[in-house]
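# Close look at the chain arrangement
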Amino acid sequence: MKVLHVINSLETGGAEKLLLDTIPLYNKRGIQTDLLVLNGDDFPFLKVLKTMNCCKIYSIGSKAYNPLHVFRLMPFLWKYDIAHVHLFPSQYWIVLAKIFSFSKIKLVVTEHSATNPRINSYFLSLLDRFIYKFYDKVVCITDEVCKIRKEHLRNPKSKLVVIQNGVKLQNVYNARPYERKLISESFEDHDVLLIQIASFNKHKDPETVIKAMQYLPENFKLIFVGNGPFRENCESLSKELKVTSRVYFLGSRTNVPQLLKAADISVLSSKGEGLSLTAIESMASGKPFIASNVSGMAITEGAGILFEKGNAEELAFYIKRLMNEKEFYENTVNACKARAQEFDIEFMIDKHVLLYQEIVKTKDEN
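For the structure given in this document, a descriptive report is provided here. Bear in mind that the values here come from a model prediction, so they are computed numbers and not experimental data.

Rules of the game
- All residue numbers here refer to positions counted from 1 along the written sequence of the relevant chain.
- Side-chain atom pairs in this predicted model are given and counted only at pLDDT of 80 or more, local residue features only at pLDDT of at least 70, and totals for whole chains, interfaces and linings cover all residues.
- For the side-chain quantities, the full set of heavy atoms in the structure was used; hydrogens and water were omitted.
- For helices the rule is a DSSP run of H or I covering at least 4 residues; for strands it is a run of E covering at least 2, with both sets numbered from the N terminus onward.
- For this measure, only C-alpha atoms enter the radius of gyration; the expected value for a globule follows 2.2 Å times N^0.38, where N is the number of residues.
- Residue contacts follow a heavy-atom distance rule, with two residues in contact if any of their heavy atoms lie within 4.5 Å.
- Each accessible area value is a Shrake-Rupley result obtained with a 1.4 Å probe; residue values ignore everything except the protein chains displayed when judging cover.
- Positive: Lys, Arg. Negative: Asp, Glu. His and the chain ends are not part of the count.
- By convention, the charge on Lys lies at NZ, on Arg at CZ, on Asp at CG and on Glu at CD.
- Centre distance within 6.5 Å is the pairing criterion for rings of Phe, Tyr and Trp, where only the six-membered ring of Trp is used; planes under 30 degrees apart are then read as stacked, over 60 as edge-to-face, and the remainder as tilted.
- Each residue gets one of three labels from its accessible area relative to the maximum for its type: buried under 20%, exposed over 50%, partly exposed in between, using a 1.4 Å probe on protein chains only.
- Here, a charge over a ring is recorded when the distance from Lys NZ or Arg CZ to the ring centre is within 6 Å and its angle to the ring normal is within 35 degrees.
- Strand pairing is defined by DSSP finding a minimum of two bridges between the two strands.
- A fitted line through C-alpha atoms serves as each axis, taken over the contacting stretch for helices, and the angle formed by two N-to-C directions is quoted from 0 to 180°.
- One less than the residue count of a helix, multiplied by 1.5 Å, gives the span that helix is expected to have.
- The directions considered for the arc run from the helix axis to the C-beta atoms.

Counting its regular elements, the protein contains 15 helices and 13 strands. Whereas a compact globule of 366 residues would reach a radius of gyration of roughly 21 Å, the protein reaches 21 Å, a difference of no more than 12%. Dimensions of the protein along its principal axes, counting C-alpha atoms only, are 65 × 45 × 35 Å. Sequence-distant contacts in the protein: of pairs separated by 6 or more residues, those separated by 24 or more amount to 72%. When the accessible surface of the protein is split by element, carbon and sulfur atoms take 51% of a total near 16,400 Å². The distance from the centre of the 48 positive side-chain charges to the centre of the 41 negative ones in the protein is 6 Å.

Here's what the structure looks like:
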């Protein structure tokens, strides 16, 4: 069996990290699994995957939103049994490539988020329904995502399957804390380090975490890991609120587990998620996790702490409570670690392999 994973790029992000972790594991299971990126820029995750030498990596351009990718994709569709696609616009280009090439390849798409801008547009919803008719299976990462996609796409239930994303928990467990002085020489032993790992866009709402810094003592420092178009706005906001000296922008990093273990508390302020891999890694790291109470963060309920979306004062309150109440801190850590165990990546791999086998069997029978 030969499977080609297709994605916009291997820049920092949940879906991108998932492919970095899973492609070597698929190949170990005997499934020839390769990667095609629309944007082949040498992002950190792509560099790491190349060093593993575990798969073929194809790059067909430098911009994901180039319609010419439809024609560049076409030759690859004859070389694989299944194309497993992630994120927009890859989801569209691959379908158009199949239509124009008359390829018999089977298509699978993973829905990584509960929301997207197309859901609220009548015209784009119709276009989505047409495109998704060509997918053999739509993998939804939570029951909530499945329900939303079923209503939006009006797909037959047989096309939808729920397979939760997973994390290589052993990598988190085995990680050694990054030395704080290597992050910044200005960090002192008595400093409390907060960390948010997310791309910089409005949907991830990094502003709320920056605003929370106003309500925290001077020895509370915030580390951002990630990049994106909204980073400059956040840097400007930290200056406006006069917390620049306490907010650190590290950019894209591949040593996330080490950074998580160097921090005291992990935070994810977001306006909505599918199934956050950052949340799982954070809960597995042995540090308490705080997230906004939004769609897709149900995995945190009863383990980590949920605060009202956009409420910087409430976020600051829970941060201070964690650091002031040792028992509350330890109870939160233990509950988070227990919850994370439910999301080991091997469970996800098992289900994907069975899905691929089912699809290929159906193809052979036809």
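Per the counting criterion, the structure on display carries twelve aromatic pairs. Where Tyr132 meets Tyr135, the ring centres are 5.3 Å apart and the plane angle is 45°; that geometry is what we call tilted. Under the relative-accessibility criterion, Tyr132 is labelled buried at 1%. Here the aromatic cluster, defined as three or more aromatic residues joined through ring pairs, consists of Tyr65, Phe88 and Tyr92. Positioned over the ring face of Tyr80 is Lys2, at 5.4 Å from the centre of the ring. One residue, Arg321, lies across the ring of Phe328, its end atom 3.8 Å from the ring centre.

Turning to the sheet that holds strand β3 (residues 57–59), a few remarks are in order. The strand order β3-β2-β1-β4-β5-β6-β7 describes an open sheet built from seven strands, whose pairing is parallel. With partners counted over all chains shown, the strands left at the sheet margins are β3 and β7 (160–162), one partner each. In this sheet, adjacent strand axes meet at a mean angle of 25° when their direction is disregarded. One ladder, built from four bridges, connects strand β5 (residues 106–111) with strand β6 (residues 137–140); its direction is parallel. Each bridged residue has a counterpart across the sheet, and for Val108 the counterpart in β6 is Lys137. Running at roughly 165° to β7, helix α6 (residues 143–153) makes contact with β5, β6 and β7 of the sheet.

Let us look at helix α14 (residues 326–340). Because each turn of an α-helix spans 3.6 residues, side chains separated by three or four positions end up pointing in the same direction. Look at α14: 21 Å from first C-alpha to last across 15 residues, which is about the 21 Å you get at 1.5 Å a residue. Listed as buried for α14 are Phe328, Tyr329, Thr332, Val333, Cys336, Arg339 and Ala340. The buried residues of α14 occupy an angular sector of 135° when projected down its axis, which confines them to one face. Along α14, the residues that are exposed and aim more than 90 degrees away from the buried face are Lys326 and Glu327. Those residues of α14 hidden inside the fold are in contact with α7 (169–174), β11 (265–268), α12 (277–284), β12 (289–292), β13 (305–307) and α13 (312–324).

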